[in-house]
Amino acid sequence: MSCNTRSGGRVGLVAVLVLALLGLTAQAALAADENVKYYTVTTSYGGKPENLTEIADRFLGSGSRSSEIFNLNTGRKQPDGQALTDPAKLNPGWLLILPWDAVGAGVQHGVLGDKSPATMPPPGPRPQSSPSPGTTKPSKGTTPPGPATNPGQTPKPGTKPKPGQCATASTSSSKSNWATLRLAPDQAWPTSKGNGQLVAVVDSGVDGSLPQLAGHVSEGMDIIAGSGRGDTDCLGTGTGMAGLIVSQDRGSSGIAPDATVMPVRITDAAGKARAEDSASAITAAAEAGATVIALGSHVDTNDAGVIAAINGAVGKDVVVVACSSLASVAQNAKTAPGLLRVGGIGMDGQWAADYHLGGIDVVAPGVNITELGITGTGSSARSGTQYAVAFVAGAAALVRAAYPDLTAQQVAHRIEATAQKMGVGKVPDARYGYGLIDLAASVTKRLPEEVTKANVGGTPSSGGGMTDGRTTLLVVVTLLALAAAVMLVLRVRRLLREDRTQDEDSFTEPSPARG
């Protein structure tokens, strides 16, 4: 091997190591601007100096996960000006970012810099007076919204608008992409991106003028006006939901970026919605060809007319996704097998609101979610069950694109069956239902009960699973090919026998020699 070859190999190795270090540094720097879980290193634990293995074992349940903590903190400047380089050496006072699922005494929440952060309360039981699913949790320095007009509804952001004007959305500097990191939609995209799916968002409309939504928002409809388009939004909640489903923003792409959102407005400028308008919106969306309907928190799913409309939509093979009911109001029974009742959770697994026990089918992120703001307001971090609904609606779009022959009931079942179990005991759990949605598993996992219906003979693709007709055709073609092969073998054997007989008949023994 020449010197140039060896030196080139060393240069390549150094380059790889440098790039890896830069990537880890960038990751740590990014996390420093977000609301994260973290731990403050103390002088000792159990009489010994603290180390990453012991910390991982204490908060993550396994010392082998110490590498995750190391990767989250390498290259990030600590309060004393130093940085983590040796997993076995930690200085008291260092702030270590922890993975999202870290739990235990000492785990804190906050926005980290190179100084001690302003912390949030550690995880714990939420009081019975938890806000409704649509209630926005204000951050420091923001204008808190007013009270909700109906149970489970989202009040308008900011101050009350004058007639003919849109509300001014309040923003928060505490943005976080923990939800996207946790759901990891990019792991599902090689199989499905929601192509060809029309997701109706029944809420405040959607600001279709935003560049992040360009080409993925239809004109929709305005139920309040009785005519006109739904692709404008004065409140922002519908736009926030649409962004989580189809945003084309490179930094925060939607769950199903190849789908299309159909906005259906049911709220007036003050954020009020009538149950009869919600029922009309659900029916109209189903008749307009929606394959998935996402109901915002303005929709009263306990109203008899709304329940009838949901049943009608499911009867037309539409997946309907709705907010779970609050414990303070009557519970919305699971009236149709294609209905998914969704609860929102935070990074710590706590509920976004005080829901009915047993009233949740699946959960999704609904606390500290960075939503796409309407024109001029920018993005902001908010909380509410409607955001969890948007994530689940995006998951339904992914499944419908990957398995176009599944019914609404089967799509809902697939999302439930592939969810990540939470809580204790049997599934469904009283607090978390079937668990946290798993986007990758929902479009790739093989379910035995679907073998003859959706994916016999192959893995689903973005174009869909294998249909019964195609499966039957494949079986017939295979049998014909086998029959042809058998006939060919028999024909060849017959020809060989005929050739052998002819050879024997043409063979004559030589005459004996004459004396």
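Residues numbered from 1 in each chain as written. Predicted model: local features only at pLDDT ≥ 70, side-chain atom pairs only at ≥ 80, totals over all residues. Heavy atoms only, no water.

**Side note on the pattern of salt bridges**
Reasoning step 1: Scanning all chains against the criterion turns up twelve salt bridges.
Reasoning step 2: Between Asp317 and Arg400 there is a salt bridge whose closest N-O contact spans 3.2 Å. One end of the pair, Asp317, is in the loop between α7 (304-315) and β9 (319-323); the other, Arg400, is in helix α8 (residues 385-402), with 83 residues separating them in the sequence.
Reasoning step 3: What emerges from the salt-bridge pattern is a single network uniting Glu50, Glu54 and Arg58. (Salt bridge = Lys/Arg side-chain N within 4 Å of Asp/Glu carboxyl O. Helix = DSSP H or I, 4+ residues; strand = E, 2+ residues; numbered from the N terminus.)

**Concerning the nonpolar core**
Inside soluble globular proteins, nonpolar side chains tend to come together where they are buried.
Reasoning step 1: Among the nonpolar cores identified, the biggest contains 66 residues, and Phe391, Ile415 and Ile437 are the most heavily contacted of them.
Reasoning step 2: With 13 residues, α8 is the largest single contributor of residues to this core. (Core = buried A, V, L, I, M, F, W, Y, C linked by side-chain atoms within 4.5 Å. Buried < 20%, exposed > 50% of the residue type's maximum accessible area, 1.4 Å probe, protein only.)

**Re the pairing of strand β8 (residues 292-295)**
Reasoning step 1: Residues Val292 and Ala294 of β8 are buried on one face, and the alternating residues Ile293 and Leu295, pointing to the opposite face, are buried as well.
Reasoning step 2: Here strand β5 (residues 198-203) pairs with β8 via four bridges, running parallel. Each residue of the ladder has a partner; that of Ala200, found in β8, is Ile293.
Reasoning step 3: Bridge analysis of β8 against β9 gives three bridges, and the strand direction is parallel. (Pairing = 2+ DSSP bridges.)

**A short note on a positive patch on the surface**
Reasoning step 1: The grouping of Arg491, Arg493, Arg494 and Arg497 at the surface amounts to a positive patch.
Reasoning step 2: Along the chain, the position of Arg493 falls in helix α11 (residues 468-506). (Patch = residues over 30% accessible without salt bridge, like charges linked within 9 Å, V, L, I, M, F, W, Y side chains within 5 Å. Areas by Shrake-Rupley, 256 points an atom, 1.4 Å probe, with all protein chains shown as cover. Lys, Arg positive; Asp, Glu negative; His and termini not counted. Charge placed at Lys NZ, Arg CZ, Asp CG, Glu CD.)

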